[in-house]
Amino acid sequence: MLYRLVVALITLSINAVAYGSLVLDFSGTADPVLTVETDASSGLQAIYVAPETTGLTISVRGEGAENAIWLRFTASGAAYAEQVGNGATLHDVTGDCGYAVETGGRRTYFWLADYSTAPAEPGELTVTDAGCDGTELIYTGTAPRMVAYAINGRPIEIDRGIKLTYMTLEESETGFVQKSVAEDMAYITGTVHAGAPLCATTFTLTADRFLSQWGREITVTSDRLTPVAVSAITSAEQQNRENLNEQNGDGTDGSFGGSAPCPMEFHAEVTDAAVFTEWQLATDVEFENITMRERTTDFNYTFTEAGTYYVRFEAADASGACSFFSDTYTVSIGESRLRCPNAFSPGASEGVNDVWCVSYRSLTEFDCTIFNRWGVKIYHFDDPAGGWDGRYRGKLVPPGVYYYVIKARGADGVNYNLSGDINIIGSR
(Lines give C-alpha, C1' and ligand atoms only; values in the text may rest on other atoms or scores of the structure.)
Protein backbone atom coordinates (compact mmCIF):
# COMPACT_ATOMS: atom_id res chain seq x y z
CA MET A 1 0.00 0.00 0.00
CA LEU A 2 1.30 3.43 -0.95
CA TYR A 3 0.66 6.13 1.62
CA ARG A 4 0.31 9.66 0.27
CA LEU A 5 2.22 12.34 2.12
CA VAL A 6 0.81 15.85 2.11
CA VAL A 7 3.84 18.07 1.66
CA ALA A 8 4.73 21.09 3.73
CA LEU A 9 7.83 22.77 2.31
CA ILE A 10 10.39 24.80 4.21
CA THR A 11 13.12 26.51 2.22
CA LEU A 12 16.45 25.90 3.94
CA SER A 13 18.20 29.17 3.26
CA ILE A 14 21.37 27.92 4.90
CA ASN A 15 20.64 24.24 4.24
CA ALA A 16 20.65 23.40 7.95
CA VAL A 17 18.14 21.46 10.03
CA ALA A 18 18.20 21.10 13.82
CA TYR A 19 17.02 18.05 15.78
CA GLY A 20 17.45 19.04 19.40
CA SER A 21 21.17 19.59 19.84
CA LEU A 22 21.89 17.85 16.52
CA VAL A 23 22.15 19.98 13.35
CA LEU A 24 22.36 18.69 9.78
CA ASP A 25 24.02 20.84 7.11
CA PHE A 26 23.58 20.31 3.36
CA SER A 27 26.11 21.84 0.99
CA GLY A 28 27.31 21.51 -2.58
CA THR A 29 24.10 22.57 -4.41
CA ALA A 30 23.19 25.92 -5.89
CA ASP A 31 19.54 25.55 -4.82
CA PRO A 32 18.51 24.71 -1.26
CA VAL A 33 17.53 21.26 -0.10
CA LEU A 34 13.82 21.31 0.77
CA THR A 35 12.14 19.73 3.75
CA VAL A 36 9.01 17.62 3.50
CA GLU A 37 7.35 16.99 6.83
CA THR A 38 6.23 13.45 7.57
CA ASP A 39 4.25 11.76 10.30
CA ALA A 40 5.96 10.29 13.34
CA SER A 41 4.82 6.76 12.45
CA SER A 42 7.29 6.74 9.55
CA GLY A 43 10.22 6.83 11.99
CA LEU A 44 11.76 9.58 9.85
CA GLN A 45 12.63 13.00 11.19
CA ALA A 46 11.89 14.37 7.72
CA ILE A 47 12.09 13.76 3.99
CA TYR A 48 14.54 15.96 2.10
CA VAL A 49 14.33 16.83 -1.59
CA ALA A 50 17.63 17.89 -3.13
CA PRO A 51 17.71 19.42 -6.63
CA GLU A 52 20.45 16.82 -7.31
CA THR A 53 22.88 14.79 -5.23
CA THR A 54 25.97 15.08 -7.41
CA GLY A 55 28.50 17.01 -5.30
CA LEU A 56 26.17 17.07 -2.29
CA THR A 57 27.65 16.61 1.19
CA ILE A 58 25.85 16.23 4.51
CA SER A 59 27.46 17.32 7.78
CA VAL A 60 26.31 16.95 11.34
CA ARG A 61 26.97 19.41 14.15
CA GLY A 62 26.46 18.90 17.84
CA GLU A 63 27.76 16.79 20.70
CA GLY A 64 29.57 13.72 19.43
CA ALA A 65 29.42 14.87 15.78
CA GLU A 66 33.12 14.13 15.21
CA ASN A 67 32.42 10.46 15.99
CA ALA A 68 29.19 10.20 14.00
CA ILE A 69 28.40 6.97 12.18
CA TRP A 70 26.50 7.22 8.88
CA LEU A 71 24.25 4.41 7.62
CA ARG A 72 22.22 4.11 4.44
CA PHE A 73 19.09 2.03 3.72
CA THR A 74 16.79 1.42 0.76
CA ALA A 75 13.15 0.52 0.32
CA SER A 76 13.77 -2.64 2.34
CA GLY A 77 13.82 -0.54 5.52
CA ALA A 78 16.31 0.63 8.14
CA ALA A 79 16.74 -2.90 9.50
CA TYR A 80 18.96 -3.50 6.47
CA ALA A 81 20.95 -0.28 6.78
CA GLU A 82 24.65 -0.42 5.94
CA GLN A 83 27.36 1.82 7.26
CA VAL A 84 28.66 4.24 4.61
CA GLY A 85 30.77 6.71 6.55
CA ASN A 86 32.30 8.03 9.79
CA GLY A 87 32.86 11.48 11.17
CA ALA A 88 31.03 14.77 10.99
CA THR A 89 30.70 14.87 7.18
CA LEU A 90 29.34 12.36 4.68
CA HIS A 91 30.80 12.84 1.20
CA ASP A 92 29.51 9.67 -0.42
CA VAL A 93 25.91 10.91 -0.86
CA THR A 94 23.43 9.26 -3.18
CA GLY A 95 19.77 10.11 -3.55
CA ASP A 96 16.52 8.20 -3.32
CA CYS A 97 17.55 6.33 -0.21
CA GLY A 98 17.32 6.66 3.55
CA TYR A 99 20.03 7.67 6.02
CA ALA A 100 20.70 7.25 9.69
CA VAL A 101 23.24 9.35 11.54
CA GLU A 102 24.27 7.94 14.89
CA THR A 103 25.76 10.18 17.60
CA GLY A 104 26.12 9.26 21.25
CA GLY A 105 24.32 5.97 20.70
CA ARG A 106 21.24 7.69 19.24
CA ARG A 107 20.15 7.44 15.60
CA THR A 108 18.32 10.07 13.56
CA TYR A 109 16.63 8.78 10.38
CA PHE A 110 15.71 10.73 7.23
CA TRP A 111 15.03 10.09 3.56
CA LEU A 112 16.84 11.94 0.79
CA ALA A 113 15.05 12.26 -2.59
CA ASP A 114 17.03 13.28 -5.67
CA TYR A 115 14.74 15.53 -7.70
CA SER A 116 16.91 15.18 -10.82
CA THR A 117 15.95 11.50 -11.10
CA ALA A 118 12.24 12.38 -11.41
CA PRO A 119 12.08 15.96 -12.64
CA ALA A 120 8.99 17.82 -13.82
CA GLU A 121 9.47 18.73 -17.47
CA PRO A 122 7.43 21.18 -19.57
CA GLY A 123 5.05 19.99 -22.26
CA GLU A 124 1.75 20.77 -23.95
CA LEU A 125 -1.64 20.53 -22.21
CA THR A 126 -4.45 19.44 -24.53
CA VAL A 127 -8.13 18.72 -23.90
CA THR A 128 -8.90 15.33 -25.42
CA ASP A 129 -12.42 14.71 -24.10
CA ALA A 130 -14.96 17.13 -22.68
CA GLY A 131 -17.81 15.20 -21.11
CA CYS A 132 -20.92 15.84 -19.05
CA ASP A 133 -19.27 14.76 -15.81
CA GLY A 134 -15.61 15.48 -16.36
CA THR A 135 -12.80 16.59 -18.65
CA GLU A 136 -9.80 14.57 -19.82
CA LEU A 137 -6.55 16.28 -20.77
CA ILE A 138 -3.18 15.03 -21.96
CA TYR A 139 0.06 16.53 -20.68
CA THR A 140 3.05 15.74 -22.88
CA GLY A 141 5.54 16.80 -20.21
CA THR A 142 6.57 14.74 -17.22
CA ALA A 143 5.95 14.91 -13.49
CA PRO A 144 6.40 11.30 -12.33
CA ARG A 145 5.59 9.83 -8.95
CA MET A 146 8.07 10.42 -6.14
CA VAL A 147 8.22 7.91 -3.31
CA ALA A 148 10.04 7.78 0.01
CA TYR A 149 10.15 4.84 2.43
CA ALA A 150 9.63 4.69 6.17
CA ILE A 151 12.16 2.90 8.36
CA ASN A 152 9.94 -0.21 8.21
CA GLY A 153 9.84 -0.14 4.38
CA ARG A 154 6.36 1.39 4.12
CA PRO A 155 6.11 3.48 0.93
CA ILE A 156 5.19 7.15 1.31
CA GLU A 157 4.12 9.13 -1.73
CA ILE A 158 5.70 12.57 -1.90
CA ASP A 159 3.06 15.00 -3.10
CA ARG A 160 4.56 17.20 -5.79
CA GLY A 161 1.81 19.80 -5.27
CA ILE A 162 0.85 20.06 -8.93
CA LYS A 163 -2.16 22.32 -9.49
CA LEU A 164 -4.71 22.40 -12.29
CA THR A 165 -6.83 25.55 -12.32
CA TYR A 166 -9.84 26.52 -14.43
CA MET A 167 -13.09 28.47 -14.25
CA THR A 168 -16.61 27.17 -13.74
CA LEU A 169 -19.96 28.43 -12.46
CA GLU A 170 -21.43 28.08 -8.98
CA GLU A 171 -24.75 28.99 -7.43
CA SER A 172 -25.16 32.24 -5.54
CA GLU A 173 -28.05 34.16 -4.08
CA THR A 174 -28.44 36.00 -7.38
CA GLY A 175 -27.90 33.06 -9.75
CA PHE A 176 -24.75 31.62 -11.30
CA VAL A 177 -21.40 33.35 -10.82
CA GLN A 178 -17.96 32.40 -12.04
CA LYS A 179 -15.47 30.85 -9.65
CA SER A 180 -11.96 29.50 -9.94
CA VAL A 181 -11.36 25.80 -9.28
CA ALA A 182 -7.97 24.41 -8.23
CA GLU A 183 -7.43 20.66 -8.30
CA ASP A 184 -4.32 19.16 -6.67
CA MET A 185 -2.30 16.26 -8.07
CA ALA A 186 0.61 14.40 -6.52
CA TYR A 187 2.05 13.50 -9.92
CA ILE A 188 1.14 13.20 -13.62
CA THR A 189 1.45 10.16 -15.83
CA GLY A 190 0.16 11.73 -19.05
CA THR A 191 -3.60 11.84 -18.54
CA VAL A 192 -5.09 14.56 -16.36
CA HIS A 193 -8.66 14.36 -15.13
CA ALA A 194 -10.66 17.42 -14.14
CA GLY A 195 -14.25 18.35 -13.42
CA ALA A 196 -16.71 19.44 -16.08
CA PRO A 197 -16.66 23.26 -16.29
CA LEU A 198 -19.98 25.04 -16.75
CA CYS A 199 -18.52 27.98 -18.68
CA ALA A 200 -15.89 28.54 -21.35
CA THR A 201 -12.43 28.28 -19.82
CA THR A 202 -8.80 27.33 -20.27
CA PHE A 203 -6.96 24.88 -18.03
CA THR A 204 -3.66 25.92 -16.47
CA LEU A 205 -1.21 23.36 -15.11
CA THR A 206 1.41 24.50 -12.59
CA ALA A 207 4.27 22.16 -11.67
CA ASP A 208 5.53 21.71 -9.15
CA ARG A 209 5.94 23.02 -5.59
CA PHE A 210 9.65 22.10 -5.56
CA LEU A 211 10.39 24.01 -8.75
CA SER A 212 8.36 26.88 -7.32
CA GLN A 213 10.65 27.02 -4.29
CA TRP A 214 13.65 27.00 -6.61
CA GLY A 215 12.19 29.72 -8.84
CA ARG A 216 11.75 27.48 -11.89
CA GLU A 217 8.03 26.76 -11.82
CA ILE A 218 6.46 25.29 -14.98
CA THR A 219 3.17 26.79 -16.14
CA VAL A 220 1.30 25.60 -19.24
CA THR A 221 -2.20 26.53 -20.46
CA SER A 222 -4.57 24.63 -22.75
CA ASP A 223 -6.67 26.01 -25.58
CA ARG A 224 -10.05 27.46 -24.61
CA LEU A 225 -12.75 24.87 -23.94
CA THR A 226 -16.40 25.36 -24.90
CA PRO A 227 -18.49 23.74 -22.16
CA VAL A 228 -20.94 20.89 -22.73
CA ALA A 229 -21.93 20.16 -19.12
CA VAL A 230 -25.30 21.58 -18.13
CA SER A 231 -26.77 22.72 -14.83
CA ALA A 232 -29.62 24.96 -13.71
CA ILE A 233 -31.04 26.73 -10.68
CA THR A 234 -34.80 26.38 -10.36
CA SER A 235 -37.41 27.89 -8.08
CA ALA A 236 -41.16 27.75 -7.57
CA GLU A 237 -43.41 30.32 -5.97
CA GLN A 238 -47.07 30.09 -5.09
CA GLN A 239 -49.17 33.23 -5.30
CA ASN A 240 -50.94 32.99 -1.96
CA ARG A 241 -54.26 34.66 -1.28
CA GLU A 242 -54.92 36.09 2.16
CA ASN A 243 -58.60 35.26 2.28
CA LEU A 244 -59.72 34.45 5.80
CA ASN A 245 -62.75 32.55 4.56
CA GLU A 246 -60.76 30.33 2.15
CA GLN A 247 -59.84 26.88 3.44
CA ASN A 248 -56.39 27.00 1.90
CA GLY A 249 -53.95 24.19 2.55
CA ASP A 250 -56.30 21.87 4.40
CA GLY A 251 -56.06 18.28 3.24
CA THR A 252 -53.03 18.68 0.95
CA ASP A 253 -50.00 16.39 0.92
CA GLY A 254 -47.49 18.53 -0.99
CA SER A 255 -45.30 21.53 -0.37
CA PHE A 256 -47.39 23.62 -2.76
CA GLY A 257 -51.08 23.83 -3.52
CA GLY A 258 -54.18 23.91 -1.35
CA SER A 259 -57.20 25.69 -2.72
CA ALA A 260 -57.84 26.23 -6.41
CA PRO A 261 -57.35 28.28 -8.41
CA CYS A 262 -53.67 28.02 -7.44
CA PRO A 263 -51.38 30.25 -9.53
CA MET A 264 -47.73 29.14 -9.56
CA GLU A 265 -44.61 30.74 -10.99
CA PHE A 266 -41.67 28.54 -11.97
CA HIS A 267 -38.26 29.97 -12.90
CA ALA A 268 -35.00 28.46 -14.11
CA GLU A 269 -31.57 29.92 -14.71
CA VAL A 270 -29.30 27.79 -16.87
CA THR A 271 -25.58 27.55 -17.53
CA ASP A 272 -23.82 28.45 -20.77
CA ALA A 273 -24.13 25.13 -22.59
CA ALA A 274 -27.90 24.78 -22.12
CA VAL A 275 -29.65 25.09 -25.48
CA PHE A 276 -32.77 23.02 -24.82
CA THR A 277 -34.93 24.12 -21.87
CA GLU A 278 -38.32 22.71 -20.88
CA TRP A 279 -40.71 22.74 -17.94
CA GLN A 280 -42.75 19.55 -17.68
CA LEU A 281 -46.04 18.98 -15.86
CA ALA A 282 -47.15 15.42 -15.16
CA THR A 283 -49.77 13.54 -13.19
CA ASP A 284 -47.29 10.87 -12.05
CA VAL A 285 -44.02 11.25 -10.20
CA GLU A 286 -42.16 9.15 -12.82
CA PHE A 287 -43.22 11.64 -15.53
CA GLU A 288 -44.54 8.92 -17.78
CA ASN A 289 -47.74 10.93 -18.30
CA ILE A 290 -46.57 14.43 -19.14
CA THR A 291 -49.61 16.60 -19.83
CA MET A 292 -47.82 19.87 -20.58
CA ARG A 293 -44.44 20.99 -21.88
CA GLU A 294 -43.26 24.61 -21.95
CA ARG A 295 -39.94 25.21 -23.72
CA THR A 296 -38.95 28.23 -21.71
CA THR A 297 -37.16 29.12 -18.52
CA ASP A 298 -40.17 30.93 -17.01
CA PHE A 299 -43.39 29.00 -16.66
CA ASN A 300 -46.58 30.39 -15.11
CA TYR A 301 -49.50 28.06 -14.56
CA THR A 302 -52.75 28.17 -12.60
CA PHE A 303 -53.93 24.83 -11.22
CA THR A 304 -57.72 24.72 -11.41
CA GLU A 305 -58.48 21.02 -10.98
CA ALA A 306 -58.23 18.91 -7.84
CA GLY A 307 -55.42 16.37 -7.74
CA THR A 308 -51.67 16.02 -7.29
CA TYR A 309 -49.35 17.33 -9.97
CA TYR A 310 -45.60 17.08 -10.51
CA VAL A 311 -43.44 19.72 -12.16
CA ARG A 312 -39.77 19.54 -13.13
CA PHE A 313 -37.30 21.35 -15.37
CA GLU A 314 -35.05 19.79 -18.00
CA ALA A 315 -32.09 21.36 -19.77
CA ALA A 316 -29.67 19.89 -22.32
CA ASP A 317 -26.76 20.90 -24.52
CA ALA A 318 -26.98 21.20 -28.29
CA SER A 319 -26.19 17.52 -28.88
CA GLY A 320 -28.55 16.28 -26.17
CA ALA A 321 -25.76 14.19 -24.68
CA CYS A 322 -25.54 16.27 -21.49
CA SER A 323 -28.76 16.92 -19.61
CA PHE A 324 -30.00 18.24 -16.30
CA PHE A 325 -33.21 17.48 -14.40
CA SER A 326 -34.31 19.60 -11.47
CA ASP A 327 -35.85 18.34 -8.29
CA THR A 328 -39.56 17.61 -8.64
CA TYR A 329 -42.05 20.17 -7.34
CA THR A 330 -45.28 18.68 -6.01
CA VAL A 331 -48.51 20.67 -6.21
CA SER A 332 -51.58 19.20 -4.47
CA ILE A 333 -54.97 20.78 -5.05
CA GLY A 334 -57.66 19.81 -2.53
CA GLU A 335 -61.27 18.87 -3.23
CA SER A 336 -63.78 21.69 -3.27
CA ARG A 337 -65.85 22.77 -0.25
CA LEU A 338 -68.57 25.35 0.24
CA ARG A 339 -70.31 26.27 3.51
CA CYS A 340 -72.74 29.13 4.09
CA PRO A 341 -73.50 30.77 7.47
CA ASN A 342 -77.13 31.62 8.32
CA ALA A 343 -76.66 34.71 10.46
CA PHE A 344 -74.49 37.79 11.01
CA SER A 345 -74.74 41.11 12.82
CA PRO A 346 -73.62 44.08 10.69
CA GLY A 347 -73.21 47.28 12.69
CA ALA A 348 -73.67 45.59 16.07
CA SER A 349 -69.98 45.34 16.90
CA GLU A 350 -67.51 46.78 14.43
CA GLY A 351 -65.14 44.19 13.04
CA VAL A 352 -66.97 41.24 14.60
CA ASN A 353 -69.30 39.15 12.47
CA ASP A 354 -70.25 42.19 10.41
CA VAL A 355 -69.78 40.60 6.93
CA TRP A 356 -71.67 37.62 5.61
CA CYS A 357 -69.29 35.39 3.60
CA VAL A 358 -69.01 31.75 2.64
CA SER A 359 -66.30 29.32 3.74
CA TYR A 360 -64.81 27.64 0.72
CA ARG A 361 -61.95 25.81 -0.95
CA SER A 362 -61.03 25.12 -4.57
CA LEU A 363 -63.88 26.96 -6.27
CA THR A 364 -63.21 27.91 -9.87
CA GLU A 365 -66.64 29.45 -10.56
CA PHE A 366 -68.86 31.36 -8.16
CA ASP A 367 -71.99 33.50 -8.31
CA CYS A 368 -74.05 34.68 -5.34
CA THR A 369 -77.19 36.85 -5.28
CA ILE A 370 -78.95 38.09 -2.13
CA PHE A 371 -82.66 38.99 -1.99
CA ASN A 372 -84.96 40.47 0.60
CA ARG A 373 -88.20 38.76 1.58
CA TRP A 374 -90.05 40.46 -1.28
CA GLY A 375 -87.62 39.02 -3.86
CA VAL A 376 -85.83 42.27 -4.49
CA LYS A 377 -82.19 41.78 -5.47
CA ILE A 378 -80.13 43.79 -2.99
CA TYR A 379 -76.58 42.45 -3.48
CA HIS A 380 -74.53 40.37 -5.90
CA PHE A 381 -70.88 39.19 -5.93
CA ASP A 382 -68.90 36.65 -7.99
CA ASP A 383 -65.74 36.26 -5.94
CA PRO A 384 -66.03 33.71 -3.11
CA ALA A 385 -63.46 35.72 -1.17
CA GLY A 386 -65.94 38.60 -1.04
CA GLY A 387 -69.09 39.00 1.02
CA TRP A 388 -72.09 41.17 1.94
CA ASP A 389 -71.73 43.89 4.57
CA GLY A 390 -75.49 44.11 5.19
CA ARG A 391 -75.97 47.30 3.17
CA TYR A 392 -78.32 48.18 0.38
CA ARG A 393 -77.80 51.41 -1.51
CA GLY A 394 -75.23 52.45 1.05
CA LYS A 395 -77.36 51.92 4.15
CA LEU A 396 -77.63 48.98 6.57
CA VAL A 397 -80.75 46.97 5.97
CA PRO A 398 -83.09 46.36 8.92
CA PRO A 399 -82.84 43.13 10.96
CA GLY A 400 -84.76 40.21 9.56
CA VAL A 401 -84.51 37.33 7.16
CA TYR A 402 -82.83 37.58 3.77
CA TYR A 403 -82.10 34.92 1.19
CA TYR A 404 -79.12 33.84 -0.92
CA VAL A 405 -78.85 31.86 -4.13
CA ILE A 406 -75.41 30.46 -5.03
CA LYS A 407 -74.20 28.72 -8.13
CA ALA A 408 -70.60 27.50 -8.04
CA ARG A 409 -68.27 24.90 -9.47
CA GLY A 410 -65.34 23.21 -7.76
CA ALA A 411 -61.91 22.29 -9.07
CA ASP A 412 -62.97 18.67 -8.69
CA GLY A 413 -65.94 19.16 -11.03
CA VAL A 414 -68.56 19.35 -8.28
CA ASN A 415 -71.45 21.75 -9.04
CA TYR A 416 -73.04 23.66 -6.19
CA ASN A 417 -76.60 24.98 -6.34
CA LEU A 418 -77.32 26.35 -2.91
CA SER A 419 -80.02 28.57 -1.45
CA GLY A 420 -80.89 29.50 2.09
CA ASP A 421 -81.76 32.22 4.51
CA ILE A 422 -79.57 34.86 6.19
CA ASN A 423 -80.65 36.19 9.55
CA ILE A 424 -79.49 39.74 10.30
CA ILE A 425 -79.26 40.26 14.03
CA GLY A 426 -78.97 43.52 15.91
CA SER A 427 -78.06 45.96 13.16
CA ARG A 428 -78.45 49.69 13.80
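Note that this is a predicted model, so its numbers are computed, not measured.

## With respect to the overall build of the protein
Then comes step 1: Within the protein one finds one helix and 39 strands.
Then comes step 2: The C-alpha radius of gyration computed for the protein amounts to 40 Å, which surpasses the reference 22 Å derived for 428 residues by more than 25%, pointing to a less compact arrangement than a globule.
Then comes step 3: Taken over 428 residues, the protein has a buried fraction of 46%.
Then comes step 4: Considering only contacts within the protein whose residues lie at least 6 apart along the sequence, 63% involve residues at least 24 apart.
Then comes step 5: With an accessible surface of roughly 20,900 Å², the protein has 45% of that area assigned to carbon and sulfur atoms.
Then comes step 6: Separation of charge centres in the protein, based on 28 positive and 55 negative side chains, amounts to 10 Å.

## A look at the environment of methionine 264
Then comes step 1: Its location among the elements puts methionine 264 in strand β24 (residues 262-270).
Then comes step 2: With 25 residues separating them along the chain, methionine 264 and glutamine 239 place their C-alpha atoms 6.1 Å apart.
Then comes step 3: Among residues more than four places away in sequence, those in contact with methionine 264 are Ala236, Glu237, Gln238, Phe256, Phe299, Asn300, Tyr301, Phe303 and Val331.

## Focus: the state of the cysteines
Here, disulfide denotes a covalent bond that connects the sulfur atoms of two cysteines.
Then comes step 1: Summed over the entire model, instances satisfying the criterion amount to one disulfide.
Then comes step 2: Here cysteine 132 pairs with cysteine 322 through a disulfide, and the sulfurs are 1.9 Å apart. A torsion of -90 degrees about the S-S bond marks the disulfide between cysteine 132 and cysteine 322 as left-handed. Taken as a pair, cysteine 132 in the loop between β13 (125-130) and β14 (135-139) and cysteine 322 in the loop between β28 (307-316) and β29 (323-325) lie far apart in primary sequence, 190 residues in all.

## Some remarks on the pairing of strand β16 (residues 155-158)
Then comes step 1: Covered by surrounding structure in β16 are Pro155 and Glu157 together with Ile156 and Ile158, the residues of both alternating faces.
Then comes step 2: Sheet analysis places strand β15 (residues 146-149) next to β16, joined by four bridges and oriented antiparallel. Bridge pairing in β16 places valine 147 opposite glutamate 157.
Then comes step 3: Where β15 folds back on β16, the antiparallel hairpin that results is connected by five residues, among which glycine 153 adopts a positive phi of roughly 90 degrees.

## Quick word on the sheet that holds strand β19 (residues 191-194)
Then comes step 1: Across the sheet, three strands lie side by side as β13-β14-β19; this open sheet has antiparallel pairing. Whereas interior strands pair on both sides, the edge strands pair on one side only; in this sheet they are β13 and β19. Neighbour-to-neighbour, the strand axes of the sheet open up by a mean angle of 30 degrees, direction not taken into account.
Then comes step 2: Taken together, the four bridges between β14 and β19 define a ladder with antiparallel strand orientation. Note on β19: the bridge partner recorded for threonine 135 is alanine 194.

## Concerning the packing of aromatic side chains
One pair of aromatic rings is described through two measures. These are the centre distance and the angle between the planes.
Then comes step 1: In the structure shown here, the tally under the stated rule is 23 aromatic pairs.
Then comes step 2: Both rings, one in tryptophan 279 and one in tyrosine 329, keep their centres 6.4 Å apart while their planes meet at 45 degrees; by these two values the pair is tilted. Of this pair, tryptophan 279 sits in strand β25 (residues 276-282) while tyrosine 329 sits in strand β30 (residues 329-333), placing them 50 residues apart in sequence. A single burial state applies to tryptophan 279 and to tyrosine 329, both of which are buried.
Then comes step 3: Pairwise contacts between aromatic rings join Phe256, Phe266, Trp279, Phe299, Tyr301, Phe303, Tyr309, Phe313 and Tyr329 into one cluster.
Then comes step 4: Directly above the aromatic system of phenylalanine 287 lies the positively charged group of arginine 312, at a separation of 4.1 Å from the ring centroid.

## Side note on the pattern of salt bridges
Then comes step 1: Under the criterion given, the structure shown has 13 salt bridges.
Then comes step 2: We note a salt bridge from glutamate 170 to lysine 179, for which the minimum N-O separation is 3.6 Å.
Then comes step 3: In this structure, a network of salt bridges that share partners links the residues Glu278, Arg293 and Arg295.

## Details of the sheet that holds strand β27 (residues 298-303)
Then comes step 1: Strand order in the open sheet formed by three strands is β22-β24-β27, with antiparallel pairing between adjacent strands. With one partner strand each, in any of the chains shown, β22 (232-238) and β27 form the two edges of the open sheet. Direction aside, neighbouring strands of the sheet carry axes that sit 15 degrees apart on average.

## As for the nonpolar core
Then comes step 1: Grouped together as the largest cluster of nonpolar side chains are 39 residues, with contacts concentrated most on Leu164, Leu205 and Phe210.
Then comes step 2: Cys262, Phe299, Val311 and Tyr329 belong to the second-largest nonpolar core, a separate cluster that totals 25 residues.

## Digging into the confidence of the model for the protein
Then comes step 1: Counting all residues, the mean pLDDT for the protein is 91, and 93% of those residues have values of 70 or more.
Then comes step 2: Contacts for the low-pLDDT stretch residues 1-14, under 50 throughout, to residues beyond four places or in other chains number 49 contacts.
Then comes step 3: Note on residues 250-254: pLDDT under 50 across the span, and eleven contacts to partners over four residues away in sequence or across chains.

## Some words on the side chain of glutamate 314
Then comes step 1: Residue position: glutamate 314 is located in strand β28.
Then comes step 2: Within the buried core, glutamate 314 has no salt-bridge partner, and the shortest N-O distance to an opposite charge, that of arginine 293, equals 5.3 Å.
Then comes step 3: Looking at glutamate 314, its side chain comes within polar contact range of the side chain of glutamine 280, at 2.8 Å.
Then comes step 4: Residue contacts for glutamate 314: discarding those within four places in its chain leaves Phe276, Thr277, Glu278, Gln280, Phe324 and Phe325.

## Comments concerning unusual backbone geometry
Then comes step 1: Cis rather than trans, the peptide bond between alanine 207 and aspartate 208 has omega equal to -25 degrees.
Then comes step 2: Its place among the elements puts aspartate 208 in the loop between β20 (204-207) and α1 (209-213).
Then comes step 3: One non-glycine residue, arginine 393, lies in positive phi territory at about 55 degrees.
Then comes step 4: Of note, arginine 393 is situated in the loop between β36 (391-392) and β37 (395-396).

## Concerning the environment of glutamate 265
Then comes step 1: Topologically, glutamate 265 is positioned in strand β24.
Then comes step 2: With relative accessibility at 37%, the residue glutamate 265 sits in the partly exposed group.
Then comes step 3: As a C-alpha pair, glutamate 265 and glutamine 239 span 26 residues in sequence and 7.7 Å in three-dimensional space.
Then comes step 4: The residues touching glutamate 265, leaving out its near neighbours within four places in the chain, are Ser235, Ala236, Glu237, Gln239, Phe299 and Asn300.

Here is what the cut-offs are and how they apply
Residues numbered from 1 in each chain as written. Predicted model: local features only at pLDDT ≥ 70, side-chain atom pairs only at ≥ 80, totals over all residues. Heavy atoms only, no water. Helix = DSSP H or I, 4+ residues; strand = E, 2+ residues; numbered from the N terminus. Rg over C-alpha atoms; globule rule 2.2 N^0.38 Å. Buried < 20%, exposed > 50% of the residue type's maximum accessible area, 1.4 Å probe, protein only. Contact = heavy atoms within 4.5 Å. Areas by Shrake-Rupley, 256 points an atom, 1.4 Å probe, with all protein chains shown as cover. Lys, Arg positive; Asp, Glu negative; His and termini not counted. Charge placed at Lys NZ, Arg CZ, Asp CG, Glu CD. Disulfide = S-S within 2.5 Å. Pairing = 2+ DSSP bridges. Axes fitted to C-alpha atoms, helices over the stretch in contact; angles between N-to-C directions. Phe/Tyr/Trp six-rings, centres within 6.5 Å; stacked < 30°, edge-to-face > 60°. Lys NZ or Arg CZ within 6 Å of the ring centre and 35° of its normal. Salt bridge = Lys/Arg side-chain N within 4 Å of Asp/Glu carboxyl O. Core = buried A, V, L, I, M, F, W, Y, C linked by side-chain atoms within 4.5 Å. pLDDT = per-residue confidence, 0-100. Polar contact = N/O pair within 3.5 Å; in protein donor to acceptor, adjacent residues only side chain to side chain.

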